[in-house]
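Structural overview for review
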Amino acid sequence: MSILYDLHSHSTASDGTLTPAALVRRAREQGVNVLALTDHDVTDGLEEARRAAHEAGLQLINGVEISVTWHGVTVHIVGLNFDPANASLQAGLAGLRKYRVWRGEEIARRLEKKGIPDALEGAKAFSNGQILSRTHFARFLVAQGHAKDMRKVFGKFLIHNRPGYVPGEWAMLADAVGWIRAAGGQAVIAHPARYRLSATRLRALIEDFMACGGEVLEVVSGSHSAGDVQGMAQYARRYELLVSQGSDYHGPEQSWLELGKMPPMPDGCTPVWTVWDTGQGASA
Ligand code: AMP
Ligand code: MN
Ligand code: MN
Ligand code: MN
């Protein structure tokens, strides 16, 4: 029997639109056997997801997606299969959430200067968890008619050089990897092709990441093209990194993405789950 793994997904605990329980049920309906919930900078959804997973007959892997600033670039480091009660991990995540509070206020101040008042309250109305994300601002701005859809609203307001963009000061790479490892998990460079780094810079990121104890590259991602998947598989083989795969699902509104729907993993890659003792067997 082949086992379907989806090791990157979001719930209402961060910027997804399904509750952890609804996400788990949908994953099961889509044929996913092993799901990681990887909310941004928070692990609050894991408990509800675990209960739902037990009921649905699906295996839940503890996950998180940590915001990192590496040489001025925002990079996402996913943590998998760790102990969420670990104090060092939770202290690190709490620090990031504190920065998010200030950043949310700053985004709202900048939007106000552009004639868009009350964006902080507006964005918060779209958030159900402890964190405020650019995604929540984007949903508010679309609802207010400032742009037609999510892609356009990011392009107009929320990315580099746009009025609502605040340059991030997230965790250090070594700290994020260290927290995950302290909690007994594996660190993953999420969607590595999304950062648009030159080959030289991507190699530097991978080498820095490995020097801190990072072990995994997310080769298959819902946000990777077929070419990206092949390219990232080459890096994984060259550096002998383990590989991961995940849809990066945020909810049914993103109709082009679905839980468990991903291109196949290229040959010659060693999946991260082969080193787990999960009771699901070692092969995919
Ligand atoms: P934050 O961590 O608050 O800066 O928000 C980052 C999140 O915004 C990502 O995890 C995506 O879910 C979303 N996002 C970033 N860029 C875009 C984009 N161009 N279009 C749609 N969503 C985006
Ligand atoms: Mn997100
Ligand atoms: Mn990400
Ligand atoms: Mn993600």
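Bear in mind that the values here come from a model prediction, so they are computed numbers and not experimental data.

1. Side note on the layout of surface pockets
One number sums up the size of the largest pocket: a volume of about 1,600 Å³. Lining the largest pocket are 41 residues; nearest its centre among them are His76, Arg134, Phe154, Ile159 and Arg194. Looking at the lining of the largest pocket, the elements with two or more residues in it are strand E3 (59-70), strand E4 (73-80), helix H3 (87-113), helix H5 (134-143) and helix H6 (150-158). Sort the elements by how many residues they give to the lining of the largest pocket and H6 lands first, with four residues. Counting contributing residues, the lining of the largest pocket receives three or more from each of domain 1 (5-93 + 169-283) and domain 2 (98-158). Quantified by volume, the second largest pocket comes out at close to 160 Å³. As for the second largest pocket, its lining consists of 13 residues, and the residues nearest its centre are Ile3, Leu4, Gln245, Pro264 and Met265.

2. Things to note about the pairing of strand E2 (residues 34-37)
In E2, alternate side chains face the same way, and those of Val34 and Ala36 on one face and Leu35 and Leu37 on the other are all buried. Both strand E1 (residues 5-6) and E2 contribute to a ladder of two bridges, which runs parallel. By the bridge assignment for E2, Tyr5 is matched with Val34. Regarding topology, helix H1 (residues 20-29) serves as the crossover connection from E1 to the parallel E2, and that connection is right-handed.

3. A look at the sheet that holds E2
What the seven strands build is an open sheet, ordered E1-E2-E3-E4-E5-E6-E7; its pairing is mixed. Of all strands in the sheet, those with a lone pairing partner are E1 and strand E7 (242-246), marking the two edges. Where helix H8 (residues 199-211) meets the sheet, it contacts E3, E4, strand E5 (186-189) and strand E6 (216-221), and its direction lies at approximately 175° from that of E5. In this fold helix H9 (residues 226-239) packs onto E6 and E7, with an angle of close to 160° to the strand it touches most, E6.

4. So, the packing of H8 against H9
For any two helices packed against each other, the geometry is given by the interaxial angle and the distance between the axes. One can describe the packing of H8 onto H9 by two numbers: an axis separation of 12 Å at closest approach and a directional angle of 45°. Our classification of the angle between H8 and H9 gives oblique. Judged by the sense of rotation from one axis to the other, the crossing of H8 with H9 is right-handed. Along the contact surface, H8 presents Ala199, Leu202, Arg203, Ile206, Glu207 and Met210, while H9 presents Met232, Tyr235, Arg238 and Tyr239. Grouping the amino acids of the contact of H8 with H9 by side-chain chemistry returns seven nonpolar, no polar and three charged.

5. Let's talk about the coordination of the manganese ion (ligand 4)
Around the manganese ion (ligand 4), the donor atoms from the protein are His8 (NE2), His10 (NE2), Glu65 (OE) and Asp248 (OD), and they sit 2.1 to 2.2 Å away. The metal-metal distance between the manganese ion (ligand 4) and the manganese ion (ligand 2) is 4.7 Å. Taken together, the residues span a long stretch of sequence, with His10 in the loop between E1 and H1 and Asp248 in the segment after E7 at a distance of 238 residues.

Cut-off values and rules
- Residues numbered from 1 in each chain as written.
- Chains lettered and ligands numbered in written order.
- Predicted model: local features only at pLDDT ≥ 70, side-chain atom pairs only at ≥ 80, totals over all residues.
- Heavy atoms only, no water.
- 1 Å grid on protein atoms, 1.4 Å probe; cavity = no way out; pocket = protein on both sides within 12 Å on 5 of 7 lines; lining within 4 Å.
- Points joined across faces, edges and corners; volume = space filled by probe spheres on them.
- Helix = DSSP H or I, 4+ residues; strand = E, 2+ residues; numbered from the N terminus.
- Domains from an automatic or database assignment.
- Buried < 20%, exposed > 50% of the residue type's maximum accessible area, 1.4 Å probe, protein only.
- Pairing = 2+ DSSP bridges.
- Right-handed = clockwise from strand over helix to strand, strands pointing away.
- Contact = heavy atoms within 4.5 Å.
- Axes fitted to C-alpha atoms, helices over the stretch in contact; angles between N-to-C directions.
- Parallel < 35°, antiparallel > 145°, perpendicular 65-115°, else oblique.
- Left-handed = near helix turned anticlockwise from the far one by under 90°.
- Nonpolar A, V, L, I, M, F, W, Y, C, P; charged D, E, K, R; others polar.
- Donors = N, O, S within 2.8 Å, 3.2 Å for Na, K, Ca; no water.

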